[in-house]
Amino acid sequence: MKKIITALAIALLFLGCSSNSQENKNVEPKLAVGKSLATLHLNDQNEKPETIAPDIKTLLFSFSKPIGHACNAFLESKPTNFLAEHKAVYIADVSPAPTIIKKMFILPDLKDLKFPILLINNDKLSAEFTKGMNKDSIVVVTLDNLKITKIQNLKDAKALEELFSEEY
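Residues numbered from 1 in each chain as written. Predicted model: local features only at pLDDT ≥ 70, side-chain atom pairs only at ≥ 80, totals over all residues. Heavy atoms only, no water.

**Digging into unusual backbone geometry**
Phase 1: The phi angle at Glu47 is positive, at roughly 65 degrees, despite the residue not being glycine.
Phase 2: Here Glu47 falls in the exposed class, since its relative accessible area comes to 54%.
Phase 3: One non-glycine residue, Asn145, lies in the positive phi region at around 55 degrees.
Phase 4: Residue position: Asn145 is located in the loop between β6 (138-144) and β7 (147-154).
Phase 5: Exposure remark for Asn145: the relative accessible area of 54% places this residue in the exposed category. (Buried < 20%, exposed > 50% of the residue type's maximum accessible area, 1.4 Å probe, protein only. Helix = DSSP H or I, 4+ residues; strand = E, 2+ residues; numbered from the N terminus.)

**Comments concerning the nonpolar core**
Phase 1: Ranked by internal contacts, the top residues of the largest apolar core, which has 24 residues, are Leu83, Tyr90, Ile117, Leu160 and Phe164.
Phase 2: Among the elements of the structure, α2 (65-76), α3 (82-85), β4 (88-93), α4 (99-111), β6 and α6 (157-167) are those that each provide at least two residues to this core.
Phase 3: When residues no more than four places from it in sequence are discounted, the contact partners of Phe164 are Thr58, Leu60, Phe74, Phe82, His86 and Ala88.
Phase 4: The next biggest cluster of nonpolar side chains, apart from the first, holds 21 residues, and it includes Leu40, Leu42, Phe129 and Leu143. (Core = buried A, V, L, I, M, F, W, Y, C linked by side-chain atoms within 4.5 Å. Contact = heavy atoms within 4.5 Å.)

**Topic: the side chain of His86**
Phase 1: Tracing the backbone through its elements, the reader meets His86 in the loop between α3 and β4.
Phase 2: A polar side-chain atom of His86 sits 2.8 Å from the main-chain carbonyl oxygen of Phe82. (Polar contact = N/O pair within 3.5 Å; in protein donor to acceptor, adjacent residues only side chain to side chain.)

**Some points on the environment of Phe63**
Phase 1: Positionally, Phe63 belongs in the loop between β3 (58-62) and α2.
Phase 2: Between the alpha carbons of Phe63 and Ala92 there is a distance of 6.3 Å; along the sequence they are 29 residues apart.
Phase 3: In this view, Phe63 contacts Leu31, Asp93, Ile120, Phe129, Thr130, Met133, Lys135 and Val139; residues no more than four positions away in its chain are not counted.

**Some remarks on the pairing of β6**
Phase 1: For β6, the tally of buried residues reaches 5 of 7 residues, placing the bulk of the element in the interior.
Phase 2: As judged from the 4 bridges shared by β3 and β6, these two strands associate in the antiparallel manner. Bridge pairing in β6 links Leu60 to Val140.
Phase 3: The pairing of β6 with β7 spans 7 bridges and is antiparallel. Across the sheet, Ile138 pairs through a bridge with Leu154, a residue of β7.
Phase 4: Once β6 ends, the chain turns through 2 residues before running back antiparallel as β7, passing Asn145 with a positive phi of about 55 degrees. (Pairing = 2+ DSSP bridges.)

**Section: the side chain of Glu128**
Phase 1: For Glu128, the position within the fold is in helix α5 (residues 123-130).
Phase 2: Setting aside chain neighbours within four positions, we find Glu128 in contact with Val27, Glu28, Pro29, Lys30 and Leu31.

**Section: the pattern of salt bridges**
Phase 1: Scanning the model with the defined rule gives 7 salt bridges in all.
Phase 2: Lys78 serves as the salt-bridge partner of Glu161, at 2.7 Å between the closest nitrogen and oxygen. Within this pair, whereas Glu161 is found in helix α6, its partner Lys78 is found in the loop between α2 and α3, the two being separated by 83 residues in sequence.
Phase 3: Taking relative accessible area as the criterion, Glu161 reaches 36% and is therefore assigned partly exposed. (Salt bridge = Lys/Arg side-chain N within 4 Å of Asp/Glu carboxyl O.)

**Section: the packing of aromatic side chains**
Phase 1: By the definition in use, this model includes 6 aromatic pairs.
Phase 2: Look at Phe74 and Phe164: their rings are 6.1 Å apart centre to centre, the planes differ by 20 degrees, and that puts the pair in the stacked class. Note that Phe74 is positioned in helix α2 and Phe164 in helix α6, a separation of 90 residues in sequence. The pair Phe74 / Phe164 is uniform in exposure class, with both members buried.
Phase 3: Between Tyr90 and Phe115, the ring centres sit 6.3 Å apart and the planes meet at 45 degrees, which makes this aromatic pair tilted. Here Phe115 lies in the loop between α4 and β5 (118-120) and Tyr90 lies in strand β4, a separation of 25 residues in the sequence. An identical accessibility class is assigned to Tyr90 and Phe115; each is buried.
Phase 4: Each residue in the set Phe61, Phe63 and Phe129 is aromatic and connected to the rest through ring pairs, giving one cluster. (Phe/Tyr/Trp six-rings, centres within 6.5 Å; stacked < 30°, edge-to-face > 60°.)

Pasting the structure below:
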């Protein structure tokens, strides 16, 4: 019985990790200088639908677990209203994680954080946002009235600290 349960758990894990990479190869990238994000709609960590306000100047993207942890640690060290004060929004891609892991661990942990996070939780949307992006960096998108004017790749939270101290 124990072997059957173990085999079932492993099978579910692999099913949860299955990728739709073939169908996502021909997607149009969403992050490119000159593109508008006016139609972007994402849920936050509390499953509340959100849009990006026209006065938002900076979007922080994390597309991998280590980068997500770096962004979370950075934002946890800041006052609760840090993102709002800096006209910034944090967006994390949680779509690569198996569904069972997201539901049991990732989403409950994110709900405990003191700052808002918008979530990419769909493989097709993830492909559109990650196409052409460095997944191993903090992707910083600068906006002007929801239009992308600049895209930067930062290597760590220290570079993020420097970015916010320079701009503000």
